[in-house]
Amino acid sequence: MPSPLRFEILARSSVSGARSGVVTTLHGSFQTPAFMPVGTKGTVKGILPEMIERTGAQILLNNTYHMLLRPGPELVSTMGGVHRFMNWHRPILTDSGGYQAFSLSEMNAVDDDGVTFKSIVDGSSIRLTPERATQVQNLLGPDIMMAFDDCPPSIDPNVEQPTQPRLASAAKRDATSGTRSRKKVYDHVARLDIANERTVRWLERCLRAHARKDEQSLFGIVQGGTDLDRRRWSAERICAMDCPGFAIGGVAVGEQAEDIAKVVRFTAPLLPETKPRYLMGVGYERDILAAVRAGVDMFDCVLPTRNGRNANAFTSRGQMRLRNAKYAEDPRPIEEGCDCEACRTQRIGDGVGHFSRSYLRHLFMADEMLGPILVTLHNLRHFQRFMADLRATIATDDWAGLLGRWPVAGEGLGEAGVPEGS
């Protein structure tokens with residue numbers, strides 16, 4: 001049966017693995033490299049679909065686990081599917097719930113058959129298996145659905161990770177989740193092997209359970225932590241199965257930026273050249289740039305929206321914390337030259353103006369909802385502008401020019417920065 005997804009590569013870099021193209025689904029197309037805003041529960045918090053579209057986003061991500069809890073996939077299906085339900089008529093991707101098995105590890109138990117969760121809504125027991133995760137996504141109706149995978153800690157949780165304490169803590173919880181004794185010795189290598197083997201078996205089960213192959217595309221996920229031999233083992237077996245696209249999972253779950261880049265540079269070329277490559281959950285500009293240069297096509301992250309709701313604005317030179325007192329009398333927009341709703345000059349009545357840093361700070365200090373809305377819109381547009389510039393740069397190979405316009409993307413890149421001779 002032919003896939004409902006088509007991927008066409010339109011341009012390639014001559015000095016790296018970067019490529020730009022277009023993915024076509026039954027609900028339209030999106031350009032790659034693409035950044036997907038995260039609408040966890042069927043909404044990007046506080047932002048109307050038409051506003052999201054104006055930021056340049058062409059595809060959104062929903063979360064299977066959260067949509068399963070509320071409102072339930074059967075209701076969404078009854079209402080015509082997730083596109084009609086949330087009034088977003090462009091492509092949608094749903095993750096499978098596998099990441100929540102890692103991030104909510106203190107509330108679940110993992111076994112070879114699936115994961116049992118304690119509901120964050122009412123405390124009831126929720127069981128997700130590869131078959132159920134696939135069924136839920138079939139009912140939701142996204143264009144791209146992810147296989148249910150076992151996401152292990154990428155790092156050994158017994159090794160201190162000072163720069164990522166929250167994610168390292170989640171890794172430590174994963175190490176003991178589902179065990180009868182908290183004193184059981186954790187073997188990180190064994191955990192990676194178990195996750196790899198489960199992820200292969202679970203993908204096979206997802207493919208068998210997939211009931212809408214003519215409408216929805218199921219992507220497989222490569223695991224393996226930061227162990228490159230295990231990444232290769234996983235990639236060989238996952239990519240041997242007939243999926244329309246493949247993802248690199250288990251990245252940015254506690255490891256350092258240089259380890260993220262190392263894993264992605266190694267793994268991306270192992271994925272099929274003719275199919276979309278998706279790096280899950282990675283969102284800082286430097287990490288996106290390194291991954292694009294390795295040949296990755298799709299990204300998602302909660303950073304633009306979560307940070308926007310907390311008064312942190314992304315700019316080409318780094319984040320701006322708008323609650324800082326130094327912005328109390330600052331008349332400038334967040335970033336000169338940005339064309340988002342918060343920054344651009346607008347004519348209203350007989351006058352023209354923009355939202356100043358001073359005004360935005362006031363909104364946050366006064367707990368007014370307009371502040372999070374405007375900064376979220378700015379952050380979403382920031383990443384879409386960055387992706388558009390990346391797509392243009394792939395055709396020209398002017399990576400030095402890109403870093404001149406986006407110095408934040410060059411922070412700590414090392415060898416992932418400007419290529420030799422460019």
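Please refer to the structure placed before this passage.
Residues numbered from 1 in each chain as written. Predicted model: local features only at pLDDT ≥ 70, side-chain atom pairs only at ≥ 80, totals over all residues. Heavy atoms only, no water.

Caption draft 1: Representation of the overall build of the protein chain. A count of helical and extended segments in the protein chain gives 15 helices and 18 strands. Its C-alpha atoms give the protein chain a radius of gyration of 21 Å, near enough to 22 Å, the size a compact globule of 422 residues would have. Overall size of the protein chain, expressed as C-alpha extent along the three principal axes, is 65 × 55 × 50 Å. Out of the 422 residues in the protein chain, the part that is buried amounts to 56%. (Helix = DSSP H or I, 4+ residues; strand = E, 2+ residues; numbered from the N terminus. Rg over C-alpha atoms; globule rule 2.2 N^0.38 Å. Buried < 20%, exposed > 50% of the residue type's maximum accessible area, 1.4 Å probe, protein only.)

Caption draft 2: Structural view of the sheet that holds strand 9 (residues 125–128). Pairing in this open sheet of three strands is antiparallel, and the strands run 7-8-9 from one edge to the other. One side of each edge strand has no neighbouring strand; the edge strands of this open sheet are strand 7 (108–110) and strand 9. Averaged over all adjacent pairs, the angle separating strand axes in this sheet is 15°, with direction ignored. Both strand 7 and strand 8 (residues 115–118) contribute to a ladder of three bridges, which runs antiparallel. Bridge pairing in strand 8 links Ala109 to Thr116. (Pairing = 2+ DSSP bridges. Axes fitted to C-alpha atoms, helices over the stretch in contact; angles between N-to-C directions.)

Caption draft 3: Seen up close, empty space enclosed by the protein. Following the criterion strictly, the structure yields one cavity of 30 Å³ or more and no others. By volume, the largest cavity amounts to about 50 Å³. Around the largest cavity, the lining residues are Phe30, Gln31, Pro33, Ala34, Phe35, Gly56, Ala57, Gln58, Ile59, Gln384 and Arg391. Taken together, the elements giving at least two residues each to the lining of the largest cavity come down to strand 3 (28–32), strand 4 (34–36) and helix 14 (370–396). In the lining of the largest cavity, the residues fall into six nonpolar, four polar and one charged. (1 Å grid on protein atoms, 1.4 Å probe; cavity = no way out; pocket = protein on both sides within 12 Å on 5 of 7 lines; lining within 4 Å. Points joined across faces, edges and corners; volume = space filled by probe spheres on them. Nonpolar A, V, L, I, M, F, W, Y, C, P; charged D, E, K, R; others polar.)

Caption draft 4: Just the state of the cysteines, in detail. For the structure shown, the criterion picks out zero disulfides. A disulfide-free cysteine, Cys243 has its sulfur positioned 8.2 Å from the sulfur of Cys239, the nearest such atom. Sulfur of Cys343: no disulfide; nearest cysteine sulfur belongs to Cys340 and is 3.6 Å away. (Disulfide = S-S within 2.5 Å.)

Caption draft 5: Summary view of unusual backbone geometry. That bond from Thr32 to Pro33 is cis: its omega, 0°, falls within 30 degrees of zero. Counting through the fold element by element, Pro33 comes out in the loop between strand 3 and strand 4. That bond from Arg70 to Pro71 is cis: its omega, 5°, falls within 30 degrees of zero. Inspection of the secondary structure puts Pro71 in the loop between helix 2 (64–69) and helix 3 (73–78). With a phi close to 65°, Ala252 is a non-glycine residue in the positive phi region. Tracing the backbone shows Ala252 in the loop between strand 12 (246–248) and helix 10 (257–267). Phi at Asp367 is positive, roughly 55°, even though this residue is not glycine.

Caption draft 6: Geometry of the packing of helix 13 (residues 357–365) against helix 14. Running from amino to carboxyl end, helix 13 crosses helix 14 at an angle of 130°, the nearest separation of the two axes being 8 Å. Classified by the angle between their axes, helix 13 and helix 14 sit oblique to one another. In this structure, helix 13 contributes Tyr359, Leu360, Leu363 and Phe364 to the contact, and helix 14 contributes Leu370, Gly371, Pro372, Leu374 and Val375. A breakdown of the residues in the contact of helix 13 with helix 14 according to their chemical character gives eight nonpolar, one polar and no charged. (Parallel < 35°, antiparallel > 145°, perpendicular 65-115°, else oblique. Contact = heavy atoms within 4.5 Å.)

Caption draft 7: The arrangement of the sheet that holds strand 14 (residues 298–300) in detail. If you trace the eight strands from one edge of the open sheet to the other, you get 4-14-13-12-11-10-6-5, paired in parallel fashion. Of all the strands in the sheet, the pair left with one neighbour each is strand 4 and strand 5 (60–63). Shown here is a sheet whose adjacent strand axes are inclined to one another by a mean of 25°, direction ignored. Two elements, strand 11 (residues 217–222) and strand 12, share three bridges in a ladder whose sense is parallel. In the strand pairing of strand 12, Gly220 is matched with Phe246. Of the strands in this sheet, strand 6 (92–95) and strand 10 (144–146) are in contact with helix 6 (residues 130–140), which crosses strand 10 at around 160°. This element, helix 9 (residues 228–238), spans strand 11 and strand 12 of the sheet and lies at about 155° to strand 11.

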